[in-house]
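# A closer look at the structure
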Amino acid sequence: MHLKWRQATLASRIVLVMVSLLLLVQAAGFLVVQRALDRQVAQEIQSALVVGERIWWRLLEQNAERLRDAATVLSADFGFRSAIASEDQQTIASALENSGSRIGASIVGLLDPSFHLIAANQADNRMADAVLHEIAANLANDRRGDRLALIEKTPYQFVMVPVRAPKVIGWVLMGFPVQQGLVDNLYYLADVNAIFYSPDKKQQASDYVSSLHDLTEVVIPGVLQQQSRLDVQNDVLITRYVDMNAMGGQLRLVLMRSSAQARLPFEQLKWLLGIITAGGLFLFGLGSIRASRKVTRPLKELTNVTEQLGQGQFNIAVPGTNSNDEVGSLARGFERMRANIAAQQDEILHLAYWDRLTGLPNREQFRKKLISSIENCRDAAKPLVIITLNLDRFKHVNEVLGYGSGDELLKAVSSRLLELVNQDNDIVARMAGDEFAIFLSSTDLAGAIVLTDRITKAFEVPLAFNDQTVDLSASMGVACWPKDALEADLLMSRSEIAMHAAKSKTAGVLIYSPSLDSSSLQTLSLLSDLRQALQEGELRLFLQPKLDTNSKRVVAAEALVRWQHPQRGLIPPLQFIPFAEQTGFVRQLTLWIFEEAARNWASLQLSDENLRISINLSTRDLLDHDFPEHLNNLLNIYDLKADAFCLEITESAIMDDPQRAEATLNKLSEQGFKLSIDDFGTGYSSLAYLKRLPVNELKIDKSFVMAMQKDESDAKIVRSTIDLAHNLGLTVVAEGVENQIILNQLKSLKCDEAQGYYIGKPMPVKDFNSWREYWYKNQNLLFSDF
Ligand code: C2E
Ligand code: CA
Ligand code: CA
C-alpha cells in the first residue's frame, strides 16, 4: 500500500514538475508577447493619433481652400468691387451676406487696406472688431494661410483674400465656425476621436466640438487636465493634445484613440495564443503522464518481481530487460541477481538432495521418495522393495589406493548399478560413504532377488579405472514393504540390518528376517533356542587346518562352531553368531568352544608336532573383565598352557572400546596366549595402531586373498600387508585359500601360514586326525609343485 502511494507520487510528481515547468515557460512567453503587444498597441495608437492630427490639419486646409475660393469669387465680383468703390454699404452688406450664406461662413467681412472692418454680415460683431483686425493683419503676411481664432467663445477658421481694382482696395475676410462635422469627419477618416475646445473656462458640453457625443461630458475633466489617458466606461482613451495657436484665446485639439479598439485585433491573437497554450498544456500533461508511466510501470513491475523473489520464487523472468534505458539496465541487474540466486538455490537444493560425487539421489531424497511411494501405495497391495548395498573392504581400498581412486570407484559402482536398475520409478541412491540403496517400486521379493543376483554377477567383473582393476564385492540387505515394516524409516533400517548381517556373515545377500534383528521378538525365542542348544549339546566344534607354507606342516587349526539343530539341520555360524554377539550369549559360546577345544587338544597332538588351536573372540569377550580369568581356569582344569592357543580378534571388536580391549588383550598376552588380528583389511584401524597391541599374528581377510589372483590391486594389498606385518614382527596368515595358484602366490610373497578350502574345509573335530594323516600322505601327490 505504502509502496503504491510512493509510486503514484513519483508518477504524479514527474507530471507536476513537467507541467509546471511548461506553464512557467508559457507564462514567460505570454508575458513577453503581452508586453510586445502592449508596446505595439501603444505605438499603433500613437501613430493613429499622429495620423489623426495630420488629417485634422488637412481637413482644416481643405476648409480654408473652400473658403478662399468663395472669398476669391466674391472679391473678383465686379458688382462687389464697384460697390466698394462707390462705398455702397447696402450692396456690400448684401453681397457679404449672400456669399457667406452660400458657403456657410458665419463671418464674412470687408476690411479696408489697413485691415479695419468696413462691413460685415454680422453687424453686431463689433466686439470682435479688434480680433478681426489682428487676424487680418496676421493673414495679410500669409496669403495662402488661414487662422483659427476664438470669437465669442466659438472657434472659427479664417481666410482672407484681397480685393483688387487693380490696386488693393480692400480685403474679404471669411470666418467659418469649426463644427461637429469636422471632428466627425476626422473620426470617419482616421478612426480617431477628437474634441476641439478652448481650455479657457467653459462649463457647457455644447462648448466643445466633440466626436464623442454623449461621452464628452465624462472626459472633459480629464481633458482639461491634459491627462494622457482617459477612462471611459470599459475603455481607456489615449490622448494627444495639439495647441491650435489660435487668436483671441486658446484653442486646443485633443485626439483620442480607444485602446480597446486598438487592442481588438491583438485580443483575438491573445485568445488564440491562450487556446494554443491550454491545448499545449493538455497535450503535454497527457504526454508526461504517459512518459512518467513509462518509467514507473517497469519500476512497478520490477518491484513486483522483487517481492516475488523475496518470497523465494526464482523461476520468474524479470520483465523489461531488453530496453536500452536505465530502467532496462536496472532490470538486467535484477535479472542477473535473480539468475545467480536461482542458481545458488538450485545448487543448495542439489546439495540437499543429490550426491555430489556420483550425481545419484542422496539419503534424504531416497527417504522422501520412499515416504511418498508408501503414501501412494497405501491402497494398492503392491509390494515395495528396498535393497541396501555396502561395498566390502572399500575403506581399505581407499587407504591403499588413495581417496581419488576411491571416488572413481564409487562412481564406477554407481554407473554399474544404474545400468542394472532401469525401471522408470526405481531409484539408485548413495546413502553414505560406500553405502548405496535401491528402491524398486514395481517388483516383488522374487524380482529383487533376481536383481541382487545380477548385481553380484556384475561385481564379479573387476572394475577397471585409472589403469588398474579392482575386484569388488558388495553385501546387500533386502527389506519389503509392507511385510517387513510399514513405515519408511523402519523399512530402511531393516534393510540395513539385513545388509550388516550379510556383511558379517559374508553371505552376499540377506533378506531381512526378525532373527537378524536383536530387537525383535523372534530373536528372544531364538535366544532361548540357543541356550537350549548349549545345554542339550546341539553345538559342535569343527576345526579347519592351517598350513605352514614353508614346512608344509599343519601347525594349527581354527575352531569354528556349528549348530546341529534337531529340526533345521546344520546351521552355519553366521546365522546365529551375530545374534549371539548382540545378545551377549556369545560369551558362554566362546567359553564353550574354548573348553571343547581344550578337552580335545591332547587328542589332536602328534608326538613330534604340536597343533595350536585358534579360537575366535568377540567384542563381548574383550569387554568382560573376568574373561582372562575364565580361560585361565579352563587351562588349569585341562592342564594346558596358554601358548597352545591363539585368540583371533577382529579389528572391529577392538575398536568398539579400544581402551578396555587393550587392557584385556594385555592381560591375555601376559598369560601367554598368542593373539591374532582376524579379518584384517575389512576394518578401519591402521597397522600403526595395531602395533601398540600385544599382537603376534595378522590374518588377511579372505576377500582379499580370494580376489588376489584376478585382481592386481588386491594382490598389491596382500603384498604390502605381508611386508608391513613382517616389519612389525608379526606372523601373517592368509585365509580363504581356495586354489593352488593362490597358495603358490602366497608362498612367494612369504606369507607364513595359509588356511582355506583348498587345504581343508572346517571338519568335525573327530575327523581331524584322519584328515591330517591323509594330507601328509598325499600332499606331495596333490601339490607336486608346492
Ligand atoms: P572367520 O573367523 O573369518 O572364519 C573363517 C571363515 O571362513 C569360516 O566360516 C570358514 O569356513 C571360512 N573359510 C575358510 N576357508 C575358506 C575358503 O577357502 N573359502 C571360503 N569361501 N571360506 C572359507 P564359518 O565357519 O562359516 O565361520 C564364519 C564366521 O563365524 C567366522 O569367520 C567367525 O567370525 C564366526 N565364528 C565361527 N565360529 C565361531 C566361534 O566359535 N566363536 C566366534 N566368536 N565366532 C565364530
Ligand atoms: Ca577367525
Ligand atoms: Ca577370518
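Residues numbered from 1 in each chain as written. Chains lettered and ligands numbered in written order. Predicted model: local features only at pLDDT ≥ 70, side-chain atom pairs only at ≥ 80, totals over all residues. Heavy atoms only, no water.

Those protein atoms acting as donors to the calcium ion (ligand 2) are Glu 558 (OE), Asn 616 (OD1), Glu 648 (OE) and Asp 678 (OD), and they sit at 2.1 to 2.4 Å. A separation of 3.9 Å is found between the calcium ion (ligand 2) and the calcium ion (ligand 3), which share Asp 678 as a coordinating residue. On the criterion of sequence distance, the pair formed by Glu 558 in strand 19 (residues 554-565) and Glu 648 in strand 22 (residues 645-650) is long-range, its members being 90 residues apart. A single burial state applies to Glu 558 and to Glu 648, both of which are buried. (Donors = N, O, S within 2.8 Å, 3.2 Å for Na, K, Ca; no water. Helix = DSSP H or I, 4+ residues; strand = E, 2+ residues; numbered from the N terminus. Buried < 20%, exposed > 50% of the residue type's maximum accessible area, 1.4 Å probe, protein only.)

With distances of 2.3 to 2.5 Å, the protein atoms coordinating the calcium ion (ligand 3) are Asp 678 (OD), Asp 679 (OD), Glu 735 (OE) and Glu 735 (OE). All donors to the calcium ion (ligand 3) come from one chain, and their sequence spacing reads D-D-x55-E.

Per the domain assignment, the segments of the protein chain are domain 1 (45-271), domain 2 (314-352), domain 3 (357-512) and domain 4 (537-769). Its C-alpha centre places domain 2 at a distance of 39 Å from the equivalent point of domain 3. (Domains from an automatic or database assignment.)

Around ligand 1 lies a shell of 20 residues, among which Gln 544, Glu 558, Arg 562, Glu 738 and Tyr 757 are the nearest. Measuring from an oxygen atom of ligand 1, one finds a side-chain N or O atom of Asp 679 at 3.3 Å. Here a nitrogen atom of ligand 1 sits 2.6 Å away from a polar atom, N or O, in the side chain of Glu 738. Contact with the protein chains covers 89% of the free accessible surface of ligand 1, which is 790 Å². Breaking the shell around ligand 1 down by element, the ones donating at least two residues are strand 19, strand 23 (674-680) and helix 22 (702-707). Broken down by element, the residue count for the shell around ligand 1 peaks at four residues, all from strand 19. (Near = heavy atom within 4 Å. Polar contact = N/O pair within 3.5 Å; in protein donor to acceptor, adjacent residues only side chain to side chain. Areas by Shrake-Rupley, 256 points an atom, 1.4 Å probe, with all protein chains shown as cover.)

Pairing within the open sheet is antiparallel, and its five strands lie in the order 2-1-5-4-3. With one partner strand each, in any of the chains shown, strand 2 (117-120) and strand 3 (147-151) form the two edges of the open sheet. Averaged over all adjacent pairs, the angle separating strand axes in this sheet is 30°, with direction ignored. (Pairing = 2+ DSSP bridges. Axes fitted to C-alpha atoms, helices over the stretch in contact; angles between N-to-C directions.)

To continue, consider the packing of aromatic side chains. By the definition in use, this model includes 10 aromatic pairs. Geometrically, the ring pair formed by Tyr 197 and Tyr 208 is tilted, given 5.8 Å between the ring centres and 35° between the ring planes. Of this pair, Tyr 197 sits in strand 6 (residues 193-197) while Tyr 208 sits in the loop between strand 6 and strand 7 (209-210), placing them 11 residues apart in sequence. One exposure class covers both Tyr 197 and Tyr 208, and it is buried. With a centroid separation of 5.4 Å and 85° between ring planes, the pair formed by Trp 563 and Phe 576 is classed as edge-to-face. With Trp 563 in strand 19 and Phe 576 in the loop between strand 20 (569-571) and helix 15 (577-583), the pair connects residues that are 13 residues apart, well separated along the chain. Classification of Trp 563 as buried rests on a relative accessible area of 1%. Taken together, Phe 594, Phe 645 and Phe 673 form an aromatic cluster joined through their ring pairs. Cation over ring: Arg 553 sits above Tyr 776, and NZ or CZ is 3.7 Å from the ring centre. A cation sits over an aromatic face here: Lys 761 above Tyr 757, 4.8 Å from the ring centre. (Phe/Tyr/Trp six-rings, centres within 6.5 Å; stacked < 30°, edge-to-face > 60°. Lys NZ or Arg CZ within 6 Å of the ring centre and 35° of its normal.)

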